[in-house]
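Structure at a glance
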Amino acid sequence: MVRPAMSKEGQRPDPESDADHRAFANAAWSIPSYLLSGMAVYGGLGWLLDRWLGTSALLPIGVVVGLALALYLVYHRYGR
Amino acid sequence: MSARQLLAAEGGNEFQAPGTEIFEWGPLWHGAPSWLTKPTLIVALSVIIVCGFFWAAFSKPKLVPRGVQNVGEVGYLFVRDQLARPLIGKDGDKWMPFLMSTFFFILVMNLMGVVPVMQLPAPSHIAFAIVPAAVVYVLMIFLSIKEQGLVGYFRNMMFPPGLPAWLYVILSPIELLSNIILRPFTHAVRLFANMFAGHLIIAFFATVAYWFLFEKLTPLGASLGLLGFVMTIIMTAFEIFVQALQAFIFTLLAASYIGGALHPDH
């Protein structure tokens, strides 16, 4: 179905650049869900603690801490 | 609901911007089965168009392609060289049937938003974004467990190497939530929200043009109506771009998830 000449042109012989490409695409697209996830986990924890202790400051603190942790995770996974 | 019906239903003398009611569709005709609505008709048509197109392109392939086979091959090479091989790797060609169907099915469903008479991108209903995303999600989990084992999958996902042990306690919940719950969620919502917003924007400008040029033509309002008319054309062109882009991104993410399941090193 595909012309032989075409399949040759589209080949990527270099596995190194292949892996780089994959890593880059994965990083670019998983950052938003990491950030959301960090805010949700620690914001949620803060909210629960707020309800339990009757305070109101732990939710925003949890959101910020979760965001920072998520950024660290993204940096550790893809940034180096 | 057409613009005329919409305005007639409002009945007032004031301009009413279209809201979410433009996404609510009843049965196609009185007495039709309740599932037979405009969105399901569009989905069925999209399936027929995609199947018909590739049947026409590849049922009798020639060594030197011409006509519709040429277009089909360009589409195939685009998906293979931009998505399958870069994102999945050497074994990417094996996934071409899936990626090809996903890309063109979603592309045609999206483009229905600018096809006259249809004028509704099917994924502007979240169900039509959730189902393809759920298929990719189930496939991703299945492949991950098959390739890495159940324990290996969760270990690779939740415990990226090179961190002190106490940090895992803090970071693993983020990884788990991100990979298991938010990934399919953002995958579906990204497609849905883009189609929803795009359709609403076009409907808004079209309603402005219709209202101020035909329904309530005044010297002062005419320029506003003209602006709405021009913006309808501009936003329609922009929507064609967004529709193609979102189909591409949806397939890119599907390929990326499959690639991540097969090659967990990243």
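- Looking up chain B in an unreviewed UniProt entry gives the name ATP synthase subunit a, with the organism given as Actinomadura rubrobrunea.
- Under Function (unreviewed entry), UniProt gives the following word-for-word description of chain B: "Key component of the proton channel; it plays a direct role in the translocation of protons across the membrane."
- UniProt, in the comment section headed Sequence similarities (unreviewed entry), describes chain B in these words: "Belongs to the ATPase A chain family."

- Chain A has the name AtpZ/AtpI family protein in an unreviewed UniProt entry, where Actinomadura rubrobrunea is given as its organism.

**Some words on the overall build of chain A**
- Regarding its fold elements, chain A presents three helices and zero strands.
- In sequence order, chain A lays out its α and β elements as α-α-α.
- Across the 80 residues in chain A, those meeting the buried criterion constitute 30%.
- Long-range pairs, those at least 24 residues apart, make up 57% of the contacts in chain A with a sequence separation of at least 6.
- Total accessible area on chain A stands at roughly 5000 Å², and carbon and sulfur atoms take up 68% of it.

**A closer look at unusual backbone geometry**
All names here are of chain B.
- Backbone geometry places Val 117, a non-glycine residue, at a positive phi of 75°.
- Take Val 117: it is sitting in the loop between helix 4 (96-111) and helix 5 (126-148).
- By relative accessible area, which is 71% here, Val 117 ends up exposed.

**Some thoughts on the packing of aromatic side chains**
All names here are of chain B.
- Within the structure shown, the criterion is met by 16 aromatic pairs over all chains.
- Centre to centre, the rings of Phe 192 and Phe 196 are 5.5 Å apart; their planes meet at 45°, and the pair counts as tilted. Highlighted residues: Phe 192 and Phe 196, both in helix 7 (residues 165-215), separated by four residues, approximately one helical turn.
- Look at Phe 192 and you get buried, because its relative accessible area is 19%.
- The partly exposed category is assigned to Phe 196, whose relative accessible area is 21%.
- Ring-pair connections join several aromatic residues into one group, and the members of that group are Phe 53, Phe 54, Phe 58, Phe 78, Phe 103, Phe 104 and Phe 248.

**Let's talk about the UniProt feature "transmembrane region" (unreviewed entry) in chain A**
All names here are of chain A.
- Mapped onto the present numbering, the UniProt feature "transmembrane region" (unreviewed entry) falls at residues 31-49 and 55-75.
- Helix makes up 100% of residues 31-49 and strand 0%, with an end-to-end C-alpha separation of 27 Å.
- Between the C-alpha atoms that bound residues 55-75 the distance is 32 Å, and the span itself is 86% helix and 0% strand.

**Considerations on the pattern of salt bridges**
- If you walk through the whole model with that rule in mind, you get three salt bridges over all chains.
- In this structure, B:Glu175 and A:Arg77 form a salt bridge, with 3.2 Å as the shortest nitrogen-oxygen distance. Of this pair, B:Glu175 sits in helix 7 while A:Arg77 sits in helix 3 (residues 58-79), on two different chains.
- For B:Glu175, a relative accessible area of 0% gives the class buried.
- Between B:Arg85 and B:Asp93 there is a salt bridge, and its shortest N-O distance comes to 2.6 Å.
- By relative accessible area, which is 31% here, B:Asp93 ends up partly exposed.

**A few points about empty space enclosed by the protein**
- Tallied over the full model, the rule gives three cavities of 30 Å³ or more.
- If you go around the second largest cavity, the residues you meet are A:Asn26, A:Trp29, A:Ser30, A:Ser33, B:Arg183, B:Thr186, B:Leu253, B:Ser256 and B:Tyr257.
- Put simply, the parts of the chain that give the lining of the second largest cavity at least two residues each are helix 2 (15-53) of chain A together with helix 7 and helix 8 (219-262) of chain B.
- The element that contributes the greatest number of residues to the lining of the second largest cavity is helix 2 of chain A, accounting for four residues.
- A breakdown of the residues in the lining of the second largest cavity according to their chemical character gives three nonpolar, five polar and one charged.

**Focus on the packing of helix 5 of chain B against helix 8 of chain B**
Residues and elements named next belong to chain B.
- Direction vectors running N to C along helix 5 and helix 8 enclose 15°, while the axes themselves pass 8 Å from each other. The orientation of helix 5 with respect to helix 8, classified from their angle, is roughly parallel. Helix-helix and strand crossings are classified by hand; for helix 5 and helix 8 the assignment is right-handed. In contact with Ala 129, Pro 132, Ala 133, Val 136, Leu 139, Met 140, Leu 143, Ser 144, Glu 147 and Gln 148 of helix 5, helix 8 contributes Phe 250, Ala 254, Tyr 257, Ile 258, Gly 260, Ala 261 and Leu 262.
- Looking at side-chain class alone, the contact of helix 5 with helix 8 contains 13 nonpolar, three polar and one charged residues.

**Some words on a nonpolar patch on the surface**
All names here are of chain B.
- Residues Ile 145, Leu 150, Val 151, Phe 154 and Leu 176 make up a contiguous nonpolar surface patch of about 420 Å² in total accessible area.
- Ranked by residue count, the leading element in the nonpolar patch is helix 6 (residues 150-158), at three residues.
- Among the structural elements, Leu 176 can be located in helix 7.
- Accessibility expressed as a relative area gives 32% for Leu 176, which makes it partly exposed.

Calculation notes
Residues numbered from 1 in each chain as written. Chains lettered and ligands numbered in written order. Predicted model: local features only at pLDDT ≥ 70, side-chain atom pairs only at ≥ 80, totals over all residues. Heavy atoms only, no water. UniProt positions renumbered as here; feature names shortened; annotations may be inferred. Helix = DSSP H or I, 4+ residues; strand = E, 2+ residues; numbered from the N terminus. Buried < 20%, exposed > 50% of the residue type's maximum accessible area, 1.4 Å probe, protein only. Contact = heavy atoms within 4.5 Å. Areas by Shrake-Rupley, 256 points an atom, 1.4 Å probe, with all protein chains shown as cover. Phe/Tyr/Trp six-rings, centres within 6.5 Å; stacked < 30°, edge-to-face > 60°. Salt bridge = Lys/Arg side-chain N within 4 Å of Asp/Glu carboxyl O. 1 Å grid on protein atoms, 1.4 Å probe; cavity = no way out; pocket = protein on both sides within 12 Å on 5 of 7 lines; lining within 4 Å. Points joined across faces, edges and corners; volume = space filled by probe spheres on them. Nonpolar A, V, L, I, M, F, W, Y, C, P; charged D, E, K, R; others polar. Axes fitted to C-alpha atoms, helices over the stretch in contact; angles between N-to-C directions. Parallel < 35°, antiparallel > 145°, perpendicular 65-115°, else oblique. Left-handed = near helix turned anticlockwise from the far one by under 90°. Patch = residues over 30% accessible without salt bridge, like charges linked within 9 Å, V, L, I, M, F, W, Y side chains within 5 Å.

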